[in-house]
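Overview (structure and organization)
Single-letter residue listing:
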Amino acid sequence: MLKIRNVSKAFGDTRVLADINLEVKKSNIFGIAGPSGSGKSTLLRCIQKLERIDGGAIECEGKTAFMFQDFQLFPHMTVLRNLIYAPSLRNKSGASDCKKQAENILKTLGIASKIDAYPGTLSGGQKQRVALARSLMSNPDLLLCDEPTSGLDVSTRSDVVSLLKSVNERFRVTIIIASHDLDFLTNISDRIVLLKNGVIVVDINPQAEGAPIDLLKAYY
Ligand SMILES: Nc1ncnc2c1ncn2[C@@H]1O[C@H](COP(=O)(O)OP(=O)(O)O)[C@@H](O)[C@H]1O
Ligand SMILES: [Mg+2]
């Protein structure tokens, strides 16, 4: 559903992505690993068209949504308003439909009781569920998650595996996750590529028997 061909990107003299080629299959959970500064966020941002690529092509079937590392919830709005704000700007007459959809998504993600809460009163894990719910409001085909375990404590981190797996199945959404956290990516992904200095240096299926997980560790 996503094809990336010969994509390159630089910021000034800094080459961040160098001739990247990738194909992501529909309904997969696809991991992008790599040490800090290797270009993971930039690649996600290019897919979402938040950055312009310098060369190559990105072809995506369907709608994409982005879940930011720091969630970027609106602090002065309740959970419900955070979810329906953007969709109701697009669709003024359908406010009650938006509300119903928001309620359903929050229920599916197990956070319906927080619908009238403000983000400041939520835990890190709860904020993440709200951010995830908000990104699902546009019915995306492809969800881009940047460092979904950063800023969460270890117990919450294992919840993110089951949370994203259930979103992948229930909402039939393909997921690409950029993360420096190898254990997390190994648990959740159908495939992992490792970026180093803007180049893909490893490409494995971590669920296959005898998958060379140690090969990934060697690049950190
Ligand atoms: N807007 C920007 N302007 C200049 N340099 C940037 C910008 N965004 C990222 N970079 C640089 O690009 C490189 C890759 O960054 P990033 O994609 O954030 O890596 P990662 O997500 O793997 O940590 C880093 O050297 C970073 O400093
Ligand atoms: Mg990053």
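Below or above, wherever it landed, is the structure these notes cover. (Residues numbered from 1 in each chain as written. Chains lettered and ligands numbered in written order. Predicted model: local features only at pLDDT ≥ 70, side-chain atom pairs only at ≥ 80, totals over all residues. Heavy atoms only, no water.)

**Describing the packing of helix α2 (residues 79-90) against helix α3 (residues 95-108)**
The criterion, for reference: Only the stretch in contact is used when fitting a helix axis, every axis being a line fitted to C-alpha atoms; angles between N-to-C directions are given from 0 to 180 degrees. Counting from the N terminus, the helices are DSSP H or I runs at least four residues long and the strands are E runs at least two residues long. Roughly parallel covers angles under 35 degrees, roughly antiparallel covers those over 145, roughly perpendicular covers 65 to 115, and oblique covers all other angles. Crossing chirality is assigned from the near helix's rotation relative to the far helix, an anticlockwise turn below a right angle marking it left-handed and a clockwise turn marking it right-handed. Note on definitions: a residue-residue contact is assigned when non-hydrogen atoms from the two residues lie within 4.5 Å. Three residue categories are used. Nonpolar comprises Ala, Val, Leu, Ile, Met, Phe, Trp, Tyr, Cys and Pro, charged comprises Asp, Glu, Lys and Arg, and polar comprises the others, including Gly.
Contact geometry of α2 with α3 gives a least axis separation of 9 Å together with a crossing angle of 130 degrees. Accordingly, the angle class assigned to the pair α2 and α3 is oblique. For the pair α2 and α3, the crossing hand works out as right-handed. Residue-level inspection shows Val79, Leu80, Leu83, Ile84, Pro87 and Ser88 of α2 in contact with α3, the latter providing Cys98, Lys99, Ala102 and Leu106. When its residues are assigned to classes, the contact of α2 with α3 shows eight nonpolar, one polar and one charged.

**Quick look at the site of ligand 1**
Selection rule: Note on terminology: near, applied to a residue and a molecule or strand, indicates that one of the residue's heavy atoms is within 4 Å of it. Under this definition, polar contacts are N or O atom pairs within 3.5 Å; protein pairs additionally need one hydrogen-donor-capable and one acceptor-capable atom, and for neighbouring residues in sequence, both atoms have to be side-chain atoms. We get accessible surface area from the Shrake-Rupley algorithm with a probe of 1.4 Å; when it comes to residues, only the shown protein chains can shield them.
The environment of ligand 1 is made up of Phe11, Val16, Pro35, Ser36, Gly37, Ser38, Gly39, Lys40, Ser41 and Thr42. Here Ser38 contributes a backbone N or O atom positioned 3.2 Å from an oxygen atom of ligand 1. Within the side chain of Lys40, one N or O atom sits 2.8 Å away from an oxygen atom of ligand 1. Contact with the protein chains covers 57% of the free accessible surface of ligand 1, which is 560 Å². Looking at the shell around ligand 1, the element that brings in the most residues is helix α1 (residues 40-47), giving three residues. Residues that form the shell around ligand 1 fall into these classes: three nonpolar, six polar and one charged.

**Digging into the side chain of Thr149**
Looking at the secondary structure, you find Thr149 in the loop between β6 (142-146) and α5 (154-170). Excluding its chain neighbours within four sequence positions, the residues that come into contact with Thr149 are Arg157, Val160, Ser179, Asp181 and Phe184.

**Structural notes on α1**
To be explicit about the condition: Exposure categories follow from relative accessible area, calculated using a 1.4 Å probe and restricted to protein chains: below 20% of the type maximum is buried, above 50% is exposed, and the middle band is partly exposed.
Taking burial as the measure, the eight residues of α1 include six buried ones, the bulk of the element. Inspection of α1 places Lys40, Thr42, Leu43, Leu44, Cys46 and Ile47 among the buried residues, and these make up the whole buried set. At the exit of α1 stands Lys49, carrying a positive phi of roughly 65 degrees.

**Quick word on the pairing of β6**
The following threshold applies: Think of it this way: DSSP has to see at least two bridges between two strands before they count as a pair. Look down the strands so they point away from you; if going from the first strand over the helix to the second traces a clockwise path, that crossover is right-handed.
Within β6, five of the five residues are buried, which leaves the element mostly enclosed by the surrounding structure. Burial along β6 is two-sided: Leu142, Leu144 and Asp146 and Leu143 and Cys145, pointing in opposite directions, are all buried. In the sheet, strand β5 (residues 64-67) pairs with β6 via four bridges, with the strands oriented parallel. Across the sheet, residue Phe66 finds its bridge partner in β6, namely Leu144. The pairing of β6 with strand β7 (residues 174-178) spans five bridges and is classified as parallel. Its bridge partner lying in β7, Leu142 is registered against Thr174. Note on the crossover from β6 through α5 to β7: the handedness is right-handed.

**Remarks on the sheet that holds β7**
Taking strand neighbours across the sheet as the criterion, the six strands line up as β5-β6-β7-β3-β8-β9 in an open arrangement whose pairing is mixed. Taken across any chain shown, the strands that pair with only one partner, and hence form the sheet edges, are β5 and β9 (199-204). Sheet twist, expressed as the average angle between the axes of neighbouring strands with direction ignored, equals 20 degrees. Bridge analysis of strand β8 (residues 191-196) against β9 gives five bridges, and the strand direction is antiparallel. Note that in β9 the partner of Val193 across the bridge is Asp203. The strands that α1 touches are β3 (29-33), β5, β6, β7 and β8; relative to β6, the one it contacts most, it runs at about 150 degrees. Contacting β5 and β6, helix α4 (residues 124-136) runs over the sheet at an angle of about 165 degrees to β5.

**Some details on the environment of Glu147**
When you line up the elements, Glu147 lands in the loop between β6 and α5. Glu147 gets classed as buried once you look at its relative accessible area, which sits at 8%. For the pair Glu147 and Gln69, spaced 78 residues apart in the sequence, the C-alpha separation amounts to 5.4 Å. At a separation of 2.8 Å, a polar atom in the side chain of Glu147 contacts the side chain of His180.

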